[in-house]
Amino acid sequence: MKSLKKEEREYVKERIKEHFELDRGEEIGDLAAEQMVQVIAEEMGPFFYNKGIEDARQMVEQKVINIDEDLRSLERPAGRPKRS
């Protein structure tokens, strides 16, 4: 997995090993855990990535709406006043 730093990859690998041991009562080695990290990254990574992009898109859209509202609140009336 090239996208994660070595420390991050090690952390994920250790969490996988811990999961197998605590939740399943199975002990897996470093190689099996590393392979599991690779499968997760390749098969599920794009789903998590796309969800992050969608969340960021929604946040930016909300900020643009807020900026638009703020700018509209600064507008001043223009033109001649209407006579009654």
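In this report, we go over the structure that sits alongside the text. All values derive from a computational prediction rather than experimental measurement.

Summed over the entire model, instances satisfying the criterion amount to nine salt bridges. Of the charged contacts, one joins Arg-15 and Glu-18 as a salt bridge, the two residues approaching to 3.2 Å between their closest N and O atoms. Taken together, the positions of Arg-15 and Glu-18, both in helix H1 (residues 6-24) and three residues apart, correspond to about one turn of that helix. Take Glu-18: its relative accessible area is 39%, and that puts it in the partly exposed class. Put simply, Glu-14, Lys-17 and Asp-30 are held in one network by salt bridges that share partners.

This paragraph deals with the nonpolar core. Within the largest apolar cluster, five residues are counted, these being Ile-16, Phe-20, Ile-28, Ala-33 and Val-37. Broken down by secondary-structure element, the contributors of at least two residues to this core are H1 and helix H2 (30-43).

Attention shifts here to the packing of H1 against H2. Two elements in contact, H1 and H2, have axes whose closest approach is 9 Å; the angle formed by their N-to-C orientations is 110°. If you check the angle between H1 and H2, you find them roughly perpendicular. Listed contacts from H2 to Arg-9, Val-12, Lys-13, Glu-14, Ile-16, Lys-17 and Phe-20 of H1 are Asp-30, Ala-33, Glu-34, Met-36, Val-37 and Ile-40. Class assignment for the residues of the contact of H1 with H2 results in seven nonpolar, no polar and six charged.

Our focus in this paragraph is the packing of H2 against helix H3 (residues 45-73). Put simply, H2 and H3 touch, their axes get as near as 4 Å, and they point 50° apart. Relative to H3, H2 is oriented oblique. Of the residues in H3, those touching H2 at Ile-40, Ala-41, Glu-42 and Glu-43 are Gly-45, Pro-46 and Phe-47. In terms of residue class, the contact of H2 with H3 is built from four nonpolar, one polar and two charged.

Reading the values: the criteria
Residues numbered from 1 in each chain as written. Predicted model: local features only at pLDDT ≥ 70, side-chain atom pairs only at ≥ 80, totals over all residues. Heavy atoms only, no water. Salt bridge = Lys/Arg side-chain N within 4 Å of Asp/Glu carboxyl O. Helix = DSSP H or I, 4+ residues; strand = E, 2+ residues; numbered from the N terminus. Buried < 20%, exposed > 50% of the residue type's maximum accessible area, 1.4 Å probe, protein only. Core = buried A, V, L, I, M, F, W, Y, C linked by side-chain atoms within 4.5 Å. Axes fitted to C-alpha atoms, helices over the stretch in contact; angles between N-to-C directions. Parallel < 35°, antiparallel > 145°, perpendicular 65-115°, else oblique. Contact = heavy atoms within 4.5 Å. Nonpolar A, V, L, I, M, F, W, Y, C, P; charged D, E, K, R; others polar.

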